[in-house]
Amino acid sequence: MSKAKVRDVASSTPGFVWVGAALGLAFLLLPLVGLVRRVAWRGLLGNLVGGPASEALRLSLVTSVIATCFVVLLGLPLAWVLARIAFKGRSLVRALVMLPMVLPPVVGGVALLGAYGKSNGLLGSTLYNLFGLQLTFSPLGVIVAEAFVALPFFVMAVESGLRSIEPKFEESAAVMGLSSTKRFSRVTLRLLAPALLAGTAVAWARALGEFGATITFAGNIEGRTQTTPLAVYLLLESDPEAAYALSLVLLVVCVGVLVAMRDRWMGRRS
Amino acid sequence: MTLQLDGRITRGEFAIDVALSIGNEVLGITGPNGVGKTSILRVVAGLTSLSAGSLELSGVVLDSPTQDIFVKPEQRNVGMMFQDHSLLPFLTAEENIVFALRARGVRVRDARAVATNQLEAAGIGQYRGLLPHQLSGGQSQRVCLARALVGSPSVVLLDEPLSALDELARPLVRTNLRAALQQLNGPKIIVSHDSADIDALCDRVIAL
């Protein structure tokens, strides 16, 4: 069938929309072009391997992956409760869970200090006195800060995934004789897989890019708490080429996440 | 085996009082939309609880709000076919039937053999490797039907079992279903709008 151009009222676009849309797109793309243009392609590998850049990348990779595992372990039950259990104050709980998404990350870091700070944190002093565990200025603190800001992204994706599962699949599995635990693992998780994957990817990207809460709560110690975003910020002064190289890595990773998630987040339907 | 349902089903604003006694027979339930036919099946399956009264199978209480008894659906051994086809979308036609048998504790190899046989008997053996979204409405309905009848359920509940079949396929499926239902012991309930289906399949009919 040949593609005939259909004219209707909805598709006749006023001129200013085109101009605004083009400006909006340019506004978003220009900095990316600027970033890519400044990358010293020849020395790229040299800038990434060895020195503070590779230390920061290694630390970022390790902490963001552990933080993401933590997010999945806590976020899945949280999303389940928010999606499936009607209780008084559910919207309040949801708002609290989503709060780190809109909270300035620095404020998140200050809040984490208030909770897990070694000397006067709510839980931090107990952790230190009982187990000698110090979260501030340690890689563990980086993980906590990353998980704190990434959790809401995961919960949001998985909660909406759970809501979109029609009850009939789990109901028929129940009638067939599967217990609630088996229904969860054999039916719900399978149906939830795309949302789980999307939530995990977005949470990981968020953890990888975390800056404000990390520097406030865990500090900026090279090789210990200096993650890639912190290194980028510092290197911009001392070694701009390395800073651009690291920025490129983060950009590529984020584009990768978006490409992997395009079906779900960019409206493409299979 | 006798199923005794004497109670009230509440669904939002609506409530219906039902008194049914079903032995080793096929009971047809007819009636206009929204009158609560599907709700009766859901109560028997344990997907909804009674708000008053009781449900018993061969003297065993399955649901009784006053006695605070509610047997979960997974412990009732019911074979149920939902009106909107509920085949698991990530499993093929055959795997869907295997899944139902495995859930009832049948070993993998036996489950596969039974599933293949059932699909062949239903005349849809050639579609066994297809995913639900690749099946037509009628094919998917026949898989659902086969799935509801496997694994020797104590009670069979069929919600509009033949509605998606075209007029050509219908008579044969109807005959096969009649034979399959006769082989199964226990109470069987069919909800249907189609009087020809009800006449051909059921021993007794009630209109809501």
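Predicted, not measured: the structure shown is a model, and the values here were computed from it.

A. Molecular detail of the overall build of chain A. Regarding its fold elements, chain A presents 13 helices and 0 strands. Its helices and strands in sequence order give chain A the pattern α-α-α-α-α-α-α-α-α-α-α-α-α, from N to C terminus. Projected onto the principal axes, the alpha-carbon positions of chain A cover approximately 60 × 55 × 30 Å. Among the 270 residues that make up chain A, the fraction classed as buried is 38%. Residue pairs at least 24 apart in sequence account for 70% of intrachain contacts in chain A once pairs closer than 6 positions are excluded. Total accessible area on chain A is roughly 15300 Å²; 69% of this is exposed by carbon and sulfur atoms. On chain A, the mean spot of the 24 positive side-chain charges and the mean spot of the 13 negative ones are 9 Å from each other.

B. Examining the interface of chain A and chain B more closely. With 16 residues of chain A at the interface, the matching set in chain B holds 20 residues. Carbon and sulfur atoms make up 66% of the surface buried where chain A meets chain B, a total of about 1600 Å² over both sides. Scanning the region where chain A abuts chain B turns up 3 salt bridges. There are 4 residue pairs in polar contact (both at pLDDT 80 or more) connecting chain A and chain B.

C. Examining the sheet that holds strand β10 (residues 204-207) of chain B more closely. Residues and elements named next belong to chain B. Pairing within the open sheet is parallel, and its 5 strands lie in the order β7-β8-β9-β3-β10. Each edge of the sheet is formed by a strand with only one pairing partner; in this case those strands are β7 (78-81) and β10. Strand-to-strand twist in this sheet, taken as the mean axis angle between neighbours without regard to direction, amounts to 15°. Where strand β3 (residues 26-30) lies against strand β9 (residues 188-191), 4 bridges are found, and the strand directions are parallel. Opposite Leu27, over in β9, you have Ile189 as the bridge partner. Taken strand by strand, helix α1 (residues 37-45) contacts β3, β7, β8 (155-159) and β9, and its axis lies near 150° from that of β8.

D. View of the confidence of the model for chain B. Taken as a whole, chain B shows an average pLDDT of 93; of its residues, 100% reach a score of 70 or greater. Interface confidence in the predicted complex, given as ipTM, is 0.93; pTM for the same model is 0.86.

E. Summary view of the side chain of Lys37 of chain B. Residue and element names in this part refer to chain B. Inspection of the secondary structure puts Lys37 in helix α1. Glu160 provides the closest opposite charge to the buried, unpaired Lys37, separated from it by 5.3 Å. A polar side-chain atom of Lys37 sits 2.8 Å from the main-chain carbonyl oxygen of Gly31. Those residues within four positions of Lys37 in sequence are excluded, and the remaining contacts are Ile29, Thr30, Gly31, Pro32, Val191, His193 and Leu208.

F. How the structure looks around a positive patch on the surface. On the surface, a cluster of positive charge is made up of Lys182 and Arg186 of chain A together with Arg102 and Arg112 of chain B. Structurally, the position occupied by Arg102 of chain B is in helix α2 (residues 93-103).

G. Seen up close, the nonpolar core. Of all hydrophobic cores here, the largest spans 42 residues; its most connected members are Ile97, Val143, Leu158, Leu177 and Leu181 of chain B. At the level of secondary structure, the elements contributing two or more residues to this core comprise α8 (167-176) of chain A together with α2, α3 (108-121), α4 (137-149), β8, α5 (170-183) and α6 (195-201) of chain B. Here this core gets 7 residues from one element, more than from any other, and that element is α2 of chain B. Among the nonpolar cores identified, the runner-up in size contains 27 residues, and Val18, Val44, Leu47 and Leu55 of chain B belong to it.

H. Summary view of helix α6 (residues 124-131) of chain A. Residues and elements named next belong to chain A. Restricting attention to buried positions, one finds in α6 the residues Gly124, Ser125 and Leu127. Down the axis of α6, the buried side of the element spans an arc of 165°, and every buried residue falls inside it. Set apart from the buried face of α6 by more than 90 degrees, the exposed residues are Asn129 and Leu130. Buried-residue contacts for α6 involve α5 (105-116).

I. Quick look at the packing of aromatic side chains. Residues and elements named next belong to chain A. Under the definition given, this model contains 3 aromatic pairs over all chains. Taken together, a centroid distance of 5.4 Å and an interplanar angle of 75° make the contact between Trp80 and Phe184 edge-to-face. Taken together, the residues Trp80 in helix α3 (residues 51-84) and Phe184 in helix α9 (residues 180-209) connect sequence positions 104 residues apart. Classification of Trp80 as partly exposed rests on a relative accessible area of 26%. Note on Phe211 and Tyr233: the rings are 5.6 Å apart at their centroids and 75° apart in plane angle, and the pair reads as edge-to-face. Of the two residues, Phe211 sits in the loop between α9 and α10 (212-217) while Tyr233 sits in helix α11 (residues 228-238), which places them 22 residues apart along the sequence. For Phe211, a relative accessible area of 29% corresponds to the partly exposed category.

J. Main features of unusual backbone geometry. All names here are of chain B. Look at Asp68: it is not a glycine, yet its phi comes out positive at around 60°. For Asp68, the position within the fold is in the loop between β5 (60-64) and β6 (69-70). For Asp68, a relative accessible area of 71% translates into the label exposed. Its identity is not glycine, yet Ser152 carries a phi of approximately 35°, on the positive side. Following the sequence through the fold, Ser152 ends up in the loop between α4 and β8. In this structure Ser152 comes out as exposed when scored by relative accessible area, which is 57%.

K. Quick peek at the environment of Gly138 of chain B. All names here are of chain B. Residue placement: Gly138 occurs in helix α4. When the C-alpha atoms of Gly138 and Leu165 are compared, they prove to be 4.6 Å apart, with 27 residues separating the residues in sequence. Leave out the neighbours within four places in its chain, and Gly138 touches Ala164 and Leu165.

L. Broad picture of the environment of Phe27 of chain A. Locating Phe27 of chain A in the fold gives a position in helix α1 (residues 15-38). C-alpha of Phe27 of chain A to C-alpha of Val106 of chain A: the two residues are 79 residues apart in sequence and 26 Å apart in space.

Thresholds, definitions, all that
- Residues numbered from 1 in each chain as written.
- Chains lettered and ligands numbered in written order.
- Predicted model: local features only at pLDDT ≥ 70, side-chain atom pairs only at ≥ 80, totals over all residues.
- Heavy atoms only, no water.
- Helix = DSSP H or I, 4+ residues; strand = E, 2+ residues; numbered from the N terminus.
- Buried < 20%, exposed > 50% of the residue type's maximum accessible area, 1.4 Å probe, protein only.
- Contact = heavy atoms within 4.5 Å.
- Areas by Shrake-Rupley, 256 points an atom, 1.4 Å probe, with all protein chains shown as cover.
- Lys, Arg positive; Asp, Glu negative; His and termini not counted.
- Charge placed at Lys NZ, Arg CZ, Asp CG, Glu CD.
- Buried area = accessible area lost by both parts, 1.4 Å probe.
- Salt bridge = Lys/Arg side-chain N within 4 Å of Asp/Glu carboxyl O.
- Polar contact = N/O pair within 3.5 Å; in protein donor to acceptor, adjacent residues only side chain to side chain.
- Pairing = 2+ DSSP bridges.
- Axes fitted to C-alpha atoms, helices over the stretch in contact; angles between N-to-C directions.
- pLDDT = per-residue confidence, 0-100.
- Patch = residues over 30% accessible without salt bridge, like charges linked within 9 Å, V, L, I, M, F, W, Y side chains within 5 Å.
- Core = buried A, V, L, I, M, F, W, Y, C linked by side-chain atoms within 4.5 Å.
- Arc of directions from axis to C-beta.
- Phe/Tyr/Trp six-rings, centres within 6.5 Å; stacked < 30°, edge-to-face > 60°.

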